[in-house]
Each structure stands twice: as C-alpha cells, then as structure tokens.
Amino acid sequence: MDAVLEPFLRREPPGPVRTVLRLGAAELLLLGTPAHAAVGSAVDLVPKPFAGLVNAVLRRVAEAGPAALAGLEAERLDTPAWLWSAWHAAYGPAVRDIAAAHRQEAPLDLSLAPGAAPPEGGEALPTGSHRYPAGTRVTELAGFAEGGFWVQDAAAALPAQLLAARPGERVADLCAAPGGKTAQLAAAGAAVTAVERDPKRAARLQENLTRLRLPAELVVADALRWEPGGAAFDAILLDAPCTATGTIRRHPDVPHLKRPKDVGAAAGLQRELLAAAARLLAPGGRLVLATCSLQPEEGEAHLAAAAALGLALDPVRPEELPGLAGAITAEGAVRTRPNLWPDRGGMDGFFMARFRKARFHKE
C-alpha cells in the first residue's frame, strides 16, 4: 500500500494519516469497497487539516484502480528487508515462495482426540491432522463441546509425534501453553507434567485439558529454574519461546513487531532452556526441541549446543513424516516452511530436532 501511495504524496504525512491512507487504499484495491464509501470513511477519520489531502490521494488511487498494483513486487514489499535478507541467506530463491505464502490466509487444522471422528468438510492430511478451509469457526464444528479435537497447525502437531510418548512414560512438556502438545502426549497415555510460567496461559491450558477430558499435572513455574524432584523424565518436549516468524500467516503483525535483536535474545533463551531440559532428562531419554521460527539461529544453530550438553541427534526417518520427506534436513532434523504443501494451503514454519541423552555425560 505504501508503494501504491508514493506517487501521490509530495511529502510524508503524519503517522496516523498514513495509516488511514493505507486503510483506504486497501479498501479500494483489495476489498472491493465502493470508492465513495472508502474515501468518505477515510476522510472522516483524519483531522480536518488533512481531510483534503486524504480525499485527493484516495481519489487518485480509485482512478488508478487495480492497475496501481501491477508490476509491484508484492512479496518483497510486504516483507521487512532484514527478514527478506535472512530468509534469502537461509533458503535461497524459496524466500519468494515463503513470502507469497504469508499473503494467504491459513486454513484451520485439527488434532483429534483418541477415538473421535473428524467433523465433516475436512481433509485428512498425510501426517494425521485434519484440515478445514480458512475462516472455519472451530466452536461451530460438531464435536467441539464434547472435546473431540483441538486446533493445532499440522506443523505444530509434529514435535509431539516425533517424541512418540508411550503409555506410562514420565513426560515433561516445557513451556506448555496453550496445551495442544500436552494434549497429544496425554492422549498417548503418558504421565504428563505440563510446565508453564505464565499463570494466565496456564489457566487457559487447564481449560483446554478440561474440555478435552485429558489428564496432566499442571505446574506454574519457570522451566529455567524448575526443580521437580523425584526421578528424571523419560522424555521431554521443549517447544521454546521464539520470534514466531514461522506463524506469520496467522499473525501478520509479527514481521512488523520483531527486530533483528529479538532473534539473538530468543536464541539465547532457547539455549538456556535446552540446557535446563537436558538436566531434567534421564540418561538414554528422548528430547524434542521445537521452535515456530524461520530463523536458523533459533533452529539449526542449536544442534551444536545440544551436542555439548550430551544430547545426540536422533535422525528423523522419512516414514515418520508421510508426505514431508523433503522437510527432513541433511542432519536428520526437520524444517517446515509456509510454502510446503502449497496445493493444500501450506503450514507453519517450524524447526524441530529429536535427541537422546548420553547414558554417561560429564556436565
């Protein structure tokens, strides 16, 4: 929208006025709003000294029509330069496909409770999730109130699947809210301890588990300093806090809220959490690290840190990810991207890696 407006502005307007101009241009060019309505409502939103400017600029945009968008490199214009550079360095020409995927509304993916039938109107994905068209209201689907399913992007469902919790195992889900992965682990029959430091998010997690009728011990604590006592865990899932650049389809504000410094800060916290998780894991136990970020610093870069903690990478096999063999990296970790499965509606961008703790490791 800024590129569309540029030819019609002689000088930079105040921030709020530019915002109104963006809204008006979007209504005219993307939403099909009648010109008189889009221009009139925009004029009403700005102080009187700027009413003439807004009226004149948006009328010019209306006259140009869809031609104003022709030739614009929308994918690059809609992506902050620092993110485009980072993704180009990591993924090469695929950066354009990633950015294009961000311009599409994400579908609704569900994970099913044990024995539950999927609601009608969905598509069964190769990895086990069920997908519904964008805009589907989950609370209106048959089986929601009965706890038959929960919302979880197809990529977000993979870390718990790779951990492959078994009945009776002691499993910790660190940074657990809102609880989709906790639900997967509990549904597998594991004795799950869900750790969440934010009391409000923990309350939401408990609400979700109650609706799903799935058991888990909920602990409100910071995973960095949590001392559970008792035996070490057989398996741990660490879905670490991150910059969330893999979820831009669902949260389009992310690229405009994050800055390059946020990547380093998130990666540092992830390293600390990984070390804390390794201390809680029994020798020979399994650990899956996951981040919903497209930044390599928050994913692939952690492999070396894990090795130093006595965590050996347990390579993911193609048969574990039906239809997603291309997401398995050369090392045996997993990197999903929004441009995967383009004919099905894409998926969130995740990094995930599975490790086994050495039976003997010097701290």
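If you're wondering where the values come from, they're calculated on a predicted model, not measured in any experiment.

Draft legend 1. Structural view of the overall build of the protein. Per the secondary structure count, the protein includes 13 helices and 12 strands. Judged by the C-alpha coordinates and their principal axes, the protein covers about 70 × 45 × 40 Å. Looking at the protein alone, contacts between residues at least 24 apart form 68% of all its contacts between residues at least 6 apart. Counting every atom, the protein has about 17200 Å² of accessible surface; 55% of that belongs to carbon and sulfur. Seen as two clouds, the 39 positive and the 40 negative side-chain charges of the protein have centres 3 Å apart.

Draft legend 2. Region of the structure containing the nonpolar core. Formed by 53 residues in total, the largest nonpolar core has its most connected members in W87, L185, L321 and L324. Those residues in contact with L321, other than ones at most four positions away along the chain, are L158, L162, V316, I328 and V334. Membership of the second largest hydrophobic core comes to 29 residues, among which are V219, L224, I236 and L303.

Draft legend 3. Spotlight on the pairing of strand β6 (residues 191-196). For β6, a buried count of five out of six residues is recorded, marking the element as mostly surrounded by other parts of the structure. Pairing between strand β5 (residues 170-174) and β6: five bridges, direction parallel. Each bridged residue has a counterpart across the sheet, and for R170 the counterpart in β6 is A191. Read as a crossover between parallel neighbours, the route from β5 over helix α9 (residues 180-187) to β6 is right-handed. The pairing of β6 with strand β7 (residues 217-220) spans four bridges and is parallel.

Draft legend 4. Structural context of the pairing of strand β9 (residues 281-291). Burial of β9 is extensive: 10 of the 11 residues sit out of reach of the surface. When β9 meets strand β12 (residues 350-357), the two strands line up antiparallel, connected through six bridges. Within β12, the position partnered with V288 by the bridge is R354.

Draft legend 5. Layout of the layout of surface pockets. The computed volume of the second largest pocket comes to approximately 1000 Å³. Residue lining of the second largest pocket: 27 residues in total, with M1, L30, D78, R103 and H256 positioned closest to the centre. Every element with two or more residues in the lining of the second largest pocket is listed here: α1 (2-5), α2 (15-29), α5 (74-77) and α11 (254-257). When grouped by side-chain class, the residues that make up the lining of the second largest pocket number 16 nonpolar, four polar and seven charged. Each of domain 1 (1-72) and domain 2 (108-357) gives at least three residues to the lining of the second largest pocket.

Criteria and thresholds
Residues numbered from 1 in each chain as written. Predicted model: local features only at pLDDT ≥ 70, side-chain atom pairs only at ≥ 80, totals over all residues. Heavy atoms only, no water. Helix = DSSP H or I, 4+ residues; strand = E, 2+ residues; numbered from the N terminus. Contact = heavy atoms within 4.5 Å. Areas by Shrake-Rupley, 256 points an atom, 1.4 Å probe, with all protein chains shown as cover. Lys, Arg positive; Asp, Glu negative; His and termini not counted. Charge placed at Lys NZ, Arg CZ, Asp CG, Glu CD. Core = buried A, V, L, I, M, F, W, Y, C linked by side-chain atoms within 4.5 Å. Buried < 20%, exposed > 50% of the residue type's maximum accessible area, 1.4 Å probe, protein only. Pairing = 2+ DSSP bridges. Right-handed = clockwise from strand over helix to strand, strands pointing away. 1 Å grid on protein atoms, 1.4 Å probe; cavity = no way out; pocket = protein on both sides within 12 Å on 5 of 7 lines; lining within 4 Å. Points joined across faces, edges and corners; volume = space filled by probe spheres on them. Nonpolar A, V, L, I, M, F, W, Y, C, P; charged D, E, K, R; others polar. Domains from an automatic or database assignment.

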